[in-house]
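Here is how the chains run, residue by residue.
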Amino acid sequence: MITRQDAIKDLSHGDYCCYCTEPKTTGSCCGENHFVPFEDLYDDDKEAMIEEYLNKGK
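Bear in mind that the values here come from a model prediction, so they are computed numbers and not experimental data.

Visitor: Please clarify how the pattern of salt bridges should be interpreted in this entry.
Guide: Once the charged atoms of two side chains with opposite charge are near each other, the side chains can pair. According to the stated counting rule, one finds three salt bridges in the structure shown. Across the pair lysine 46 and aspartate 43 runs a salt bridge whose closest N-O atoms are separated by 3.4 Å. Separated by three residues within a single helix, lysine 46 and aspartate 43 lie in helix 2 (residues 43-56), roughly one turn from each other. The partner of lysine 56 in a salt bridge is glutamate 52, with the nearest N and O atoms 3.5 Å apart. Here lysine 56 pairs with glutamate 52, and both are found in helix 2, just four residues apart, close to one helical turn. Owing to a relative accessible area of 53%, lysine 56 belongs among the exposed residues under this scheme. The exposure class of glutamate 52 is partly exposed, given its relative accessible area of 46%.

Visitor: What am I meant to see in unusual backbone geometry here?
Guide: Peptide bonds are mostly trans, and most non-glycine residues show a negative phi. Even without glycine at this site, threonine 21 takes up a positive phi of about 60°. Turning to its location among the elements, threonine 21 is positioned in the loop between strand 1 (15-17) and strand 2 (35-37). Overall, threonine 21 belongs to the buried group, its relative accessible area being 17%.

Visitor: Would you take a moment to explain the nonpolar core for this structure?
Guide: Among soluble globular proteins, nonpolar side chains are generally buried collectively. If you look at the biggest cluster of nonpolar residues, it comprises nine residues: Ala7, Leu11, Tyr16, Val36, Phe38, Leu41, Met49, Ile50 and Tyr53. With sequence-adjacent residues up to four places away left out, methionine 49 is seen in contact with Leu11, Tyr16, Thr21, Phe38 and Leu41.

Visitor: I'm lost on helix 2 in this one. Help?
Guide: Because an α-helix completes one turn every 3.6 residues, residues spaced three or four positions apart along the sequence face the same direction. Relative to the 20 Å expected for 14 residues at 1.5 Å per residue, helix 2 spans 20 Å between its end C-alpha atoms, a close match to the ideal helical length. Where helix 2 is buried, its residues meet helix 1 (4-11) and strand 1.

Visitor: Could you clarify how one ought to interpret the packing of helix 1 against helix 2 in this entry?
Guide: Helix packing geometry: the angle between the two helix axes and the distance between the axes. Between helix 1 and helix 2, the shortest axis-to-axis distance is 9 Å and the interhelical angle comes to 110°. Judged by the angle between their axes, helix 1 and helix 2 are roughly perpendicular. You can see that helix 1 and helix 2 cross each other, and the crossing is right-handed. Contact with helix 1, carried on its side by Arg4, Ala7, Ile8, Asp10 and Leu11, involves Glu47, Met49, Ile50, Glu51, Tyr53 and Leu54 of helix 2 and no other residues of that element. The class makeup of the residues in the contact of helix 1 with helix 2 is seven nonpolar, no polar and four charged.

Reading the values: the criteria
- Residues numbered from 1 in each chain as written.
- Predicted model: local features only at pLDDT ≥ 70, side-chain atom pairs only at ≥ 80, totals over all residues.
- Heavy atoms only, no water.
- Salt bridge = Lys/Arg side-chain N within 4 Å of Asp/Glu carboxyl O.
- Helix = DSSP H or I, 4+ residues; strand = E, 2+ residues; numbered from the N terminus.
- Buried < 20%, exposed > 50% of the residue type's maximum accessible area, 1.4 Å probe, protein only.
- Core = buried A, V, L, I, M, F, W, Y, C linked by side-chain atoms within 4.5 Å.
- Contact = heavy atoms within 4.5 Å.
- Expected span 1.5 Å × (residues − 1).
- Axes fitted to C-alpha atoms, helices over the stretch in contact; angles between N-to-C directions.
- Parallel < 35°, antiparallel > 145°, perpendicular 65-115°, else oblique.
- Left-handed = near helix turned anticlockwise from the far one by under 90°.
- Nonpolar A, V, L, I, M, F, W, Y, C, P; charged D, E, K, R; others polar.

Have a look at this one:
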């Protein structure tokens, strides 16, 4: 079973768009160009990403 800590650890390995929280890739996600590490996202965004990760059952 994947724990919350597992989700945070896995999500912490990249940069995410400040606006749509999509992972940074070679293309632009929503047209913006501001990316930050997971820990620098807003708490509400981090919680939503963790919940989504846990629901996917990775």
